[in-house]
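Residues per chain, in single letters:
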Amino acid sequence: MNWGIELWDQYDNLATHTHKGIEFLDKYGNFVKERCAIELEYAGKLRRLVKSYQPKRKEEDEYVYTSCKAFRQLLQELGDFAGQRELVAENLQSNVVRELHLLAKELREARKGHLNDGSKQMAVLSTAVGALERARRSYERAARESERALEAFQRADADLHLSRAEVEKQKMNMKLRSQACEDAKQEYMDQLRKTNEAQRQHYEQQLPHVFKQLQDLDEKRIKHIKNFMISSVDVERKVFPIIMQCLDGMEQAAKNINEKEDTQLVIERYKSGFVPPEDFRFEPATGADATDSVPAPTHNHITVRGTVSGNRIKKRGGLLSIFSSNKNNLSVDGKEDYSDLPPNQKKKKLLAKVHELTKQVGQEQAAMEGLMKMKGVYETNPTLGDPMTVEGQLNECCDKLKKLRLQLRKYEELLAEANNQVCAQPIHSINKTNGAPTQATSIGSNSGSLSRSASESSVSTGTGTNTGNTVMAVSSRAAGGSPESGLGGELAAGHAEHANGHDHDDHDHDHDDHESDFDYYYEPDLQPLGYCKALYAFEANGTGSTMRMECGEKLLVLETDAGDGWTRVRRSLTREEGFVPTTYIATTLYADVHH
């Protein structure tokens with residue numbers, strides 16, 4: 001199939017066809033360009049939609065339900081989906097639209113050059129045909145003149161009245177015209193040969209070459225349109241796996257919705273802890289006109305808006321003010337002790353506050369331990385730094401820890417009161433971890449191993465100046481003798497389990513059960529062996545045997561260090577007992593004082 005052979009006489013149509021082909025290429029390019037704009041607009045609108053439906057800060061509390069969590073996950077997946085549409089637009093813009101623009105420009109220039117070559121060839125052929133036409137007309141004119149000269153000679157030769165000179169003149173004219181006719185005929189024949197040769201060259205070689213170039217140009221255009229369409233499909237196909245992941249994520253988010261869990265969360269969130277009101281009691285008539293009046297109820301029961309009698313509540317004060325909010329009548333930013341909340345909600349808020357303070361205490365204690373290590377390193381090697389530069393930061397940490405612990409103790413007591421349970425010992429730890437309650441009374445048996453005779457032999461390790469004890473504390477903790485190890489670690493599980501069960505018990509149990517859960521045995525009436533001063537603050541860290549102490553606090557020594565790094569002490573006022581790290585205190589025994 002060759003345009004030069006099959007379409008040898010369709011030069012103008014081929015020129016028009018190639019022009020329309022390039023216009024179609026431009027049209028396809030505009031289509032892809034507008035599609036990119038639509039994809040970007042679609043992605044932008046999706047992103048704005050996702051942003052507008054993102055939960056506001058005031059709505060965060062609502063997003064604890066599985067349906068709300070699924071919606072948030074769906075929004076995230078939709079945002080990723082929008083990103084893939086943007087990627088499609090960007091790839092189409094770079095891989096298709098730009099290449100289309102360059103190809104159209106190249107094809108226009110090539111077509112113009114080919115058409116110019118064709119025009120030149122057409123001009124050459126037209127020139128040859130024009131020359132042939134002129135030669136033919138000259139030959140025809142010479143032939144007519146030669147014929148007229150021959151007729152004039154024949155008439156003169158037949159006329160007897162003409163002289164011989166006239167006849168010779170006509171004869172000479174006839175010969176001249178005949179010769180001119182022969183010359184014109186020869187010139188016409190030569191031009192005819194040249195024109196035919198030019199025409200053959202034009203239609204067999206020159207014009208087919210131009211048409212072949214136009215054909216190649218058009219095939220190139222069509223081939224590139226094919227490749228561009230395939231490339232457009234590939235661009236979209238490449239994002240399909242991620243789009244499918246987005247869709248799978250949306251589907252999984254929907255499957256994670258659990259109506260039972262959400263309804264249980266509603267109970268946990270809005271349960272007040274109050275009991276339903278009692279029945280109305282019969283009020284006997286007290287007067288003659290009692291039949292005309294309605295007796296007023298003698299009891300003051302709590303009614304929540306939304307119940308049967310809730311529509312009769314106009315304005316209440318005191319305890320009932322907790323139901324004055326529009327958000328299911330629960331105070332969010334009320335009193336510091338959450339006393340304006342129902343019992344169940346109060347307990348929930350206090351527990352969250354206790355966990356928050358525990359985290360802060362842990363962070364500050366870790367910072368203090370790091371400063372203590374730094375100070376110990378500076379004291380060991382003064383070339384690294386001055387230990388006194390850390391002293392100010394240590395004091396600041398101690399003050400901050402003291403304030404946090406005071407706050408923590410306050411909220412622990414509020415939480416214990418909210419739990420409405422009686423404990424034999426005050427709660428010294430709020431690290432509510434799960435553990436086996438099999439060692440609840442292990443402190444009695446373990447403390448027996450800390451005999452006074454063994455303690456006295458090791459008392460010298462706890463005495464000395466503040467600086468010396470600081471170095472000892474750093475070295476002890478660096479070697480692994482942390483307050484969480486040793487005896488405290490052995491006794492942690494039982495107390496933590498009881499504390500955990502104490503905080504989460506929302507049901508009615510016997511009083512004896514509570515007493516047995518928290519009845520830790522301590523040996524009564526242990527006589528003090530001496531006294532000590534806390535060099536550093538210490539947090540109990542959730543064990544039942546350890547005891548917190550503040551920096552600078554003075555305590556009574558009940559049992560000295562038996563080699564495990566712990567000393568048993570007592571507060572003189574509250575008579576609270578427990579174990580503290582020996583390296584955190586400076587100990588003075590009564591025996592040393594007497595000597």
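Reading the values: the criteria
Residues numbered from 1 in each chain as written. Predicted model: local features only at pLDDT ≥ 70, side-chain atom pairs only at ≥ 80, totals over all residues. Heavy atoms only, no water. Axes fitted to C-alpha atoms, helices over the stretch in contact; angles between N-to-C directions. Helix = DSSP H or I, 4+ residues; strand = E, 2+ residues; numbered from the N terminus. Parallel < 35°, antiparallel > 145°, perpendicular 65-115°, else oblique. Left-handed = near helix turned anticlockwise from the far one by under 90°. Contact = heavy atoms within 4.5 Å. Nonpolar A, V, L, I, M, F, W, Y, C, P; charged D, E, K, R; others polar. Core = buried A, V, L, I, M, F, W, Y, C linked by side-chain atoms within 4.5 Å. Buried < 20%, exposed > 50% of the residue type's maximum accessible area, 1.4 Å probe, protein only. Patch = residues over 30% accessible without salt bridge, like charges linked within 9 Å, V, L, I, M, F, W, Y side chains within 5 Å. Areas by Shrake-Rupley, 256 points an atom, 1.4 Å probe, with all protein chains shown as cover. Salt bridge = Lys/Arg side-chain N within 4 Å of Asp/Glu carboxyl O. Lys, Arg positive; Asp, Glu negative; His and termini not counted. Charge placed at Lys NZ, Arg CZ, Asp CG, Glu CD. pLDDT = per-residue confidence, 0-100. Pairing = 2+ DSSP bridges. Phe/Tyr/Trp six-rings, centres within 6.5 Å; stacked < 30°, edge-to-face > 60°. Polar contact = N/O pair within 3.5 Å; in protein donor to acceptor, adjacent residues only side chain to side chain.

## What to know about the packing of helix α2 (residues 11-52) against helix α4 (residues 164-255)
Argument step 1. Relative to each other, α2 and α4 sit at 15°, their axes nearing to 11 Å. One way to sum up the angle between α2 and α4 is to call them roughly parallel. Considering the relative orientation of α2 and α4, their crossing is left-handed. Across from Tyr11, Leu14, His17, Thr18, Gly21, Ile22, Phe24, Leu25, Tyr28 and Arg35 in α2, the residues of α4 making contact are Leu207, Phe211, Leu214, Asp218, Arg221, Ile225, Phe228, Met229, Ser232 and Glu236.
Argument step 2. Counted by class, the contact of α2 with α4 contains 12 nonpolar, 4 polar and 4 charged residues.

## Re the nonpolar core
Argument step 1. Met368, Tyr411 and Met549 are the most contacted members of the largest nonpolar core, which totals 37 residues.
Argument step 2. Within the residue set of this core, elements represented by two or more residues are α6 (343-380), α7 (388-419), β1 (530-534), β2 (554-559), β3 (566-570), β4 (577-581) and β5 (585-589).
Argument step 3. Tyrosine 411 has contacts with Glu336, Tyr338, Leu350, Lys353, Val354 and Leu357, leaving out every residue within four places of it along the chain.

## Details of a negative patch on the surface
Argument step 1. A cluster of acidic residues, Glu182, Asp183, Glu187 and Asp190, forms a negative patch on the protein surface.
Argument step 2. Among the residues examined, aspartate 190 registers a relative accessible area of 31% and is labelled partly exposed.

## Topic: the pattern of salt bridges
Argument step 1. If you walk through the whole model with that rule in mind, you get 27 salt bridges.
Argument step 2. Two residues, arginine 177 and glutamate 145, come together in a salt bridge whose shortest N-O distance is 2.8 Å. One end of the pair, arginine 177, is in helix α4; the other, glutamate 145, is in helix α3 (residues 66-158), with 32 residues separating them in the sequence.
Argument step 3. The class for arginine 177 is partly exposed, based on a relative accessible area of 33%.
Argument step 4. Under the relative-accessibility criterion, glutamate 145 is labelled partly exposed at 25%.
Argument step 5. A salt bridge links glutamate 559 to arginine 568; the shortest N-O distance between them is 3.7 Å.

## Re a nonpolar patch on the surface
Argument step 1. A grouping of Leu49, Tyr53, Phe71 and Leu74 is seen on the molecular surface, where their side chains present a nonpolar patch of about 340 Å² in accessible area.
Argument step 2. As for its placement among the helices and strands, tyrosine 53 is situated in the loop between α2 and α3.

## As for the confidence of the model for the protein chain
One rule of thumb: low pLDDT means the predicted coordinates there are not for detailed reading.
Argument step 1. Per-residue pLDDT for the protein chain averages 75, and the proportion of residues at 70 or more is 73%.
Argument step 2. Considering only residues more than four positions removed or in separate chains, one finds that residues 293-333, a stretch of pLDDT under 50, has 50 contacts.

## Some words on the sheet that holds β3
Argument step 1. Here 5 strands make up an open sheet; going across it, the order is β4-β3-β2-β1-β5 and the pairing antiparallel. Every interior strand has two partners, whereas the edge strands, β4 and β5, have only one. The average undirected angle you get between the axes of adjacent strands in this sheet is 40°.
Argument step 2. Pairing between β3 and β4: 5 bridges, direction antiparallel. Counted as the bridge partner of valine 569 is glycine 578 from β4.

## Some details on the environment of lysine 169
Argument step 1. Along the chain, lysine 169 turns up in helix α4.
Argument step 2. Note on lysine 169: relative accessible area 55%, which makes it exposed.
Argument step 3. The sequence separation of lysine 169 and phenylalanine 153 amounts to 16 residues, and the corresponding C-alpha distance is 8.4 Å.

## What to know about unusual backbone geometry
Argument step 1. One non-glycine residue, arginine 575, lies in the positive phi region at around 55°.
Argument step 2. Residue position: arginine 575 is located in the loop between β3 and β4.

## Quick look at the packing of helix α5 (residues 259-270) against α6
Argument step 1. At a closest axis distance of 7 Å, the pairing of α5 and α6 adopts a crossing angle of 90°. Between α5 and α6, the crossing angle belongs to the class labelled roughly perpendicular. For the pair α5 and α6, the contacting residues are Glu268, Arg269 and Tyr270 in the first and Asn344, Gln345 and Lys348 in the second.
Argument step 2. In terms of residue class, the contact of α5 with α6 is made up of 1 nonpolar, 2 polar and 3 charged.

## Side note on the packing of aromatic side chains
The relation between two aromatic rings is expressed through the spacing of the ring centres and the mutual angle of the planes.
Argument step 1. Taken as a whole and judged by the stated rule, the model has 9 aromatic pairs.
Argument step 2. Summarising the aromatic geometry, the rings of tyrosine 139 and tyrosine 188 are spaced 5.8 Å apart at their centres and angled 0° between planes, so their arrangement reads as stacked. A residue pair is termed long-range when its members are at least 10 positions apart, and tyrosine 139 in helix α3 and tyrosine 188 in helix α4 qualify at 49 residues.
Argument step 3. Here the aromatic rings of phenylalanine 538 and tyrosine 584 are separated by 5.9 Å at their centres, their planes lie at 80°, and the arrangement is edge-to-face. Here tyrosine 584 lies in the loop between β4 and β5 and phenylalanine 538 lies in the loop between β1 and β2, a separation of 46 residues in the sequence. Accessibility assignment for this pair places phenylalanine 538 and tyrosine 584 in one class, buried.
Argument step 4. Pairwise contacts between aromatic rings join Tyr536, Phe538, Trp566 and Tyr584 into one cluster.

## Regarding the side chain of glutamate 539
Argument step 1. The residue glutamate 539 is located in the loop between β1 and β2 in this model.
Argument step 2. Residue classification places glutamate 539 among the buried residues on the basis of a relative accessible area of 6%.
Argument step 3. At 3.0 Å, the side chain of glutamate 539 and the side chain of arginine 405 are in polar contact.

## Quick notes on the side chain of threonine 18
Argument step 1. Locating threonine 18 in the fold gives a position in helix α2.
Argument step 2. The buried category is assigned to threonine 18, whose relative accessible area is 1%.
Argument step 3. Polar side-chain contacts of threonine 18 include one of 2.8 Å to the side chain of arginine 111.

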